[in-house]
Each structure stands twice: as structure tokens, then as C-alpha cells.
Amino acid sequence: MLKPGERMVVGGAVITNGSNKNCDLIVNNDAPVLREKDILTEKDATTPCSRIYFTIQLMYIDHENRKIHSDAYWQLVGELLSAAPSLIGLLDQISENIVNGRYYQALKLASNLIEYEQEVLRHVR
């Protein structure tokens, strides 16, 4: 159910519920779907983990440029592992989903990276 004013991406198209009522949408084919709460904008991808999340998001919704996004993903993962080798387990799970074409599942796991990163930053401050 799409709430009033809520946006989502369906197959690369941004859809906004402009009414004052909830809206039920049914997607009858295989298309990437992201609700607004799961969308990260490029300007908000400012940390290593959020950049990984954003790159996976692009792999999920922009299949025409997936190779470019995939190359960027592997570079970002290498950089993150150099800085935080303890993340290898979670990054392995995310990467396994990517290799198997399960981008949405990888994206959901990547949200755990962002949560971990925020927790670490809270302790540093």
C-alpha cells in the first residue's frame, strides 16, 4: 500500500501517490520495485557503507548499466575491507547475493552495513 505522497521506483520509473488516500499497486511482471523508505539518494551516500548500499541500489534498478555499477561495488568492497576487515562475513553474504542476481536481498543486507557504521560512528563521537 502506497501512502499519500509516498514515492516508489518501479522498473526505473518513479511513481508518486498524489492522492490523499492510500493506493494499492500490483506489479504483474518482473520489475525492480523500491519503496521510498528503501531509496538512498546519491547526495545522501556520503559514507563508505552508504556508497555500497547506493551502488547495489543502482545494480538493482539500472540493469542496463549493471556492469559499471558492479565494478564500482567491487572497488568499494575492497576499500571497506581494507579499513574494516571484521565486516568480511556480512560483505560475503551481500556479495553472494549479488553474484547470484539477488540484488534486492543484497540491498536489504547492505542496510545492516549502514546500521553498523552508524553505531561505530556514535561510539567515536
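Residues numbered from 1 in each chain as written. Predicted model: local features only at pLDDT ≥ 70, side-chain atom pairs only at ≥ 80, totals over all residues. Heavy atoms only, no water.

*Asks:* Any chance you could explain the sheet that holds strand 3 (residues 33-35) here in plain terms?
*Replies:* As a general point, the strands of a sheet are linked pairwise by backbone hydrogen bonds and lie either parallel or antiparallel. Ordered in space as 2-1-3, the 3 strands form an open sheet in which the pairing is antiparallel. Looking at the sheet topology across the chains shown, the edges are occupied by strand 2 (13-16) and strand 3. The mean angle between the axes of side-by-side strands here comes to 20 degrees, regardless of whether they run parallel or antiparallel. (Pairing = 2+ DSSP bridges. Helix = DSSP H or I, 4+ residues; strand = E, 2+ residues; numbered from the N terminus. Axes fitted to C-alpha atoms, helices over the stretch in contact; angles between N-to-C directions.)

*Asks:* How should I be thinking about helix 1 (residues 48-61) in this particular structure?
*Replies:* Since there are 3.6 residues in each turn of an α-helix, residues three or four apart along the chain are aligned in direction. Helix length check: helix 1, at 14 residues, gives a terminal C-alpha distance of 20 Å against a target of 20 Å (1.5 Å per residue), a fit within 8%. Buried residues dominate helix 1, accounting for 10 of its 14 residues. Buried residues of helix 1: Cys49, Ser50, Ile52, Tyr53, Phe54, Thr55, Ile56, Gln57, Met59 and Tyr60, and no others. Where helix 1 is buried, its residues contact strand 3, helix 2 (66-83), helix 3 (88-99) and helix 4 (103-124). (Expected span 1.5 Å × (residues − 1). Buried < 20%, exposed > 50% of the residue type's maximum accessible area, 1.4 Å probe, protein only. Contact = heavy atoms within 4.5 Å.)

*Asks:* Got a minute to help me understand the packing of helix 1 against helix 2 in this structure?
*Replies:* How two helices pack is summed up by the angle between their axes together with the distance between the axes. Put simply, helix 1 and helix 2 touch, their axes get as near as 9 Å, and they point 160 degrees apart. When the axis of helix 1 is compared with that of helix 2, the two are roughly antiparallel. Crossing angle aside, the handedness with which helix 1 passes helix 2 is left-handed. Touching Pro48, Cys49, Arg51, Ile52, Thr55, Ile56, Leu58, Met59 and Tyr60 of helix 1 are Arg66, His69, Ser70, Ala72, Tyr73, Leu76, Val77 and Leu80, all from helix 2. (Parallel < 35°, antiparallel > 145°, perpendicular 65-115°, else oblique. Left-handed = near helix turned anticlockwise from the far one by under 90°.)

*Asks:* Looking at this structure, I do not really get the nonpolar core. What am I missing?
*Replies:* It is characteristic of soluble globular proteins that their nonpolar side chains tend to be buried jointly. In this structure, Ile52, Ile56, Tyr73, Leu91, Ile94, Ile98 and Leu113 are the most contacted members of the largest nonpolar core, which totals 28 residues. Contributions of two or more residues to this core are made by helix 1, helix 2, helix 3 and helix 4. With near-sequence residues (within four places) excluded, Leu113 lies in contact with Cys49, Ile52, Leu80, Leu87, Leu90, Leu91 and Ile94. (Core = buried A, V, L, I, M, F, W, Y, C linked by side-chain atoms within 4.5 Å.)

*Asks:* Please clarify how the pattern of salt bridges should be interpreted in this entry.
*Replies:* Pairing between side chains becomes possible if they bear opposite charge and their charged atoms approach one another. Scanning the model with the defined rule gives 6 salt bridges in all. Taking the shortest distance from any N to any O, the salt bridge between Lys108 and Asp38 comes out at 3.3 Å. With a gap of 70 residues between them, Lys108 in helix 4 and Asp38 in the loop between strand 3 and helix 1 connect regions that are remote in the sequence. Residue Lys67 pairs with Asp71 through a salt bridge whose shortest N-O separation is 2.8 Å. With Lys67 and Asp71 both in helix 2 and 4 residues apart, this pair spans about one turn of that helix. Judged by relative accessible area, which is 60%, Lys67 ranks as exposed. (Salt bridge = Lys/Arg side-chain N within 4 Å of Asp/Glu carboxyl O.)

*Asks:* How should I be thinking about the pairing of strand 2 in this particular structure?
*Replies:* Along any regular strand, the residues point their side chains to alternate faces of the sheet. In this structure, strand 1 (residues 7-10) lies alongside strand 2, joined through 4 bridges in antiparallel fashion. For Met8, the partnering residue across the bridge sits in strand 2 and is Ile15. Joining the antiparallel neighbours strand 1 and strand 2 is a turn of 2 residues, in which Gly11 adopts a positive phi near 55 degrees.

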